[in-house]
Amino acid sequence: MTAVETKIAAPSSRRRFRALRRMNLVVGAVIILALFCVALVSQFWTPVPPAKMQILHKLQPPFGFGLLGTDQIGRDVLSMLMAGCWNSLSISVSSVAIGGTIGTIIGVAAAAQRGLFEALVMRACDVIFALPPILSAMILGAFLGTGRSTAIIAIAVFMVPVFARVALGAALQAWSRDYVLAARAIGNTQLSITRRHVLPNIMGSIIVQATIQLGLAILTEAGLAFLGLSVPPPAPTWGRMLADAQTYFHVAPWLALLPGLAIALSVLGFNLLGDGLRDLLDPREATR
C-alpha cells in the first residue's frame, strides 16, 4: 500500500471505529423510539380493549388466540403490554423529569453558595439514599393512597439526590473554569453566572444521567406495580402483569416472560442510549 493510500485509509478506519463505538447510541435510540411509538399508539388503538375479559378464551398460548395469547381471565396480552408500556413510560419520564429538575437546581445552588448550604445538601442526600423508593412509596401510600401520583412522587424523591450530586460535581468544575472566574471578576452575580455559564456547560452530564436513570425508574415502577403501589387496576402495568402471572407460571409461562422481556428491553434501551450519549457529549471521548 502506498503512502497516499495509507493516508486515505486511516481517516476511513477512524470513522468506522467511531461508528462502532456509537452503535450503542443508535441501537438504544431505536429501542426507545419504538417503545415510545408503541406507548403513543396504545392511547388510540389496541387489538382488543386491555380490560376486556374473554373467559372462554383464558390462558390461550401465543398465536392460539390473539398474537401473544390471553391471561387467566381472557384479557389480550398484547393489548395489555401496549397499555402497560404507556403507564410505565409515563410514570418513569414524569418522575425523572421532576426529580432531575429539583435535584439539578439544588446541586447548582449548592455549588454557587458552598459552605454550610453545600454540607446540608449532601447530608440530606445521604438521608434520602437511606430510604429506598419502594419504602418511600409505602410510606406515601399510607398518607396519599396508592396510585400514579404516589409512584411518581416516590421515584422522584429518590431521583433528587442523584441529580443533586451529579449537578454539584459538574457545577464545581465549571466554577473553576477561567471564563467563570473572568465573569466573577467583572462583577456578574452568582445567579447570572449560573444561568449563563454554569448550566449550559453541565447540561450534557445531566442529560446522560437522566437517560440512565430512566432505566432505573422503569425497574422501580415495575417493583411498585408488583406490590400494588402504582396505577390501580384495571389499568395494566408490566409489574402487575408479573405479579398476576406468578400463580400460572407452570401453566402459562408466557404471562411472566413477556412483561419481563418488555422491562428488560426498556432498561437495556435506556442504558445503551445513556452510554452512547456519554460518548457523544463527553469532549474527552470525542478527542480520543
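About the cut-offs
- Residues numbered from 1 in each chain as written.
- Predicted model: local features only at pLDDT ≥ 70, side-chain atom pairs only at ≥ 80, totals over all residues.
- Heavy atoms only, no water.
- UniProt positions renumbered as here; feature names shortened; annotations may be inferred.
- Helix = DSSP H or I, 4+ residues; strand = E, 2+ residues; numbered from the N terminus.
- Buried < 20%, exposed > 50% of the residue type's maximum accessible area, 1.4 Å probe, protein only.
- Axes fitted to C-alpha atoms, helices over the stretch in contact; angles between N-to-C directions.
- Left-handed = near helix turned anticlockwise from the far one by under 90°.
- Contact = heavy atoms within 4.5 Å.
- Nonpolar A, V, L, I, M, F, W, Y, C, P; charged D, E, K, R; others polar.
- Core = buried A, V, L, I, M, F, W, Y, C linked by side-chain atoms within 4.5 Å.
- Salt bridge = Lys/Arg side-chain N within 4 Å of Asp/Glu carboxyl O.

J.: Could you give an account of the UniProt feature "transmembrane region" (unreviewed entry) in the protein chain, naming the residues involved and the relevant values?
T.: Following the UniProt record, the feature "transmembrane region" (unreviewed entry) maps to residues 23–45, 89–112, 124–145, 151–175, 206–231 and 251–274 here. For the annotated span residues 89–112, helix accounts for 100% and strand for 0% of the residues, and the straight-line distance between the end C-alpha atoms is 34 Å. Summarising residues 251–274: 88% helix, 0% strand, and an end-to-end C-alpha distance of 38 Å.

J.: Outline helix H9 (residues 238–245), supporting the account with residue identities and numerical values.
T.: Most of H9 is tucked away: 6 of the 8 residues are buried. Looking at H9, one finds that the buried residues are Trp-238, Gly-239, Arg-240, Met-241, Ala-243 and Ala-245.

J.: For the packing of helix H4 (residues 115–129) against helix H6 (residues 148–175), give the residues involved together with the corresponding values.
T.: Closest axis-to-axis distance for the H4/H6 pair is 9 Å, and the angle between their directions is 145°. Relative to H6, H4 is oriented so that their crossing is left-handed. Judged by residue contacts, Glu-118, Met-122, Cys-125, Asp-126, Ile-128 and Phe-129 of H4 engage Val-157, Phe-158, Pro-161, Val-162, Ala-164, Arg-165, Leu-168 and Leu-172 from H6. Looking at the contact of H4 with H6 residue by residue, the class counts come to 11 nonpolar, no polar and 3 charged.

J.: Tell me about the nonpolar core, and name the residues and values.
T.: In terms of nonpolar packing, the biggest core is built from 62 residues, with Leu-81, Leu-89, Val-96, Trp-175, Val-198, Ile-202 and Trp-238 touching the most fellow members. Elements with a contribution of two residues or more to this core: helix H2 (23–42), helix H3 (77–113), H4, H6, helix H7 (178–185), helix H8 (190–226), H9 and helix H10 (254–281). With 13 residues, H6 is the largest single contributor of residues to this core. Those residues within four positions of Trp-238 in sequence are excluded, and the remaining contacts are Leu-81, Gly-84, Cys-85, Ser-88, Pro-259, Ala-262, Ile-263 and Ser-266.

J.: Mind laying out the packing of H3 against H6, listing which residues take part and the relevant values?
T.: Interhelical geometry of H3 versus H6 gives an angle of 35° and a closest axis separation of 5 Å. Judged by the sense of rotation from one axis to the other, the crossing of H3 with H6 is right-handed. Per-class residue counts for the contact of H3 with H6 are 22 nonpolar, 9 polar and 1 charged.

J.: Explain the side chain of Ser-266 to me, and be specific about the residues and the numbers.
T.: Here Ser-266 is to be found in helix H10. Discounting chain neighbours no more than four positions away, the residues touching Ser-266 are Ile-32, Leu-35, Ile-218 and Trp-238.

J.: So what's going on with the pattern of salt bridges? Residues and values would help.
T.: Opposite charge on two side chains permits them to pair, given that their charged atoms come into close proximity. A complete count under the given rule lists 1 salt bridge for this structure. The shortest N-O distance in the salt bridge between Arg-75 and Asp-71 comes to 2.8 Å. Here the two residues Arg-75 and Asp-71 agree in accessibility, since each one is buried.

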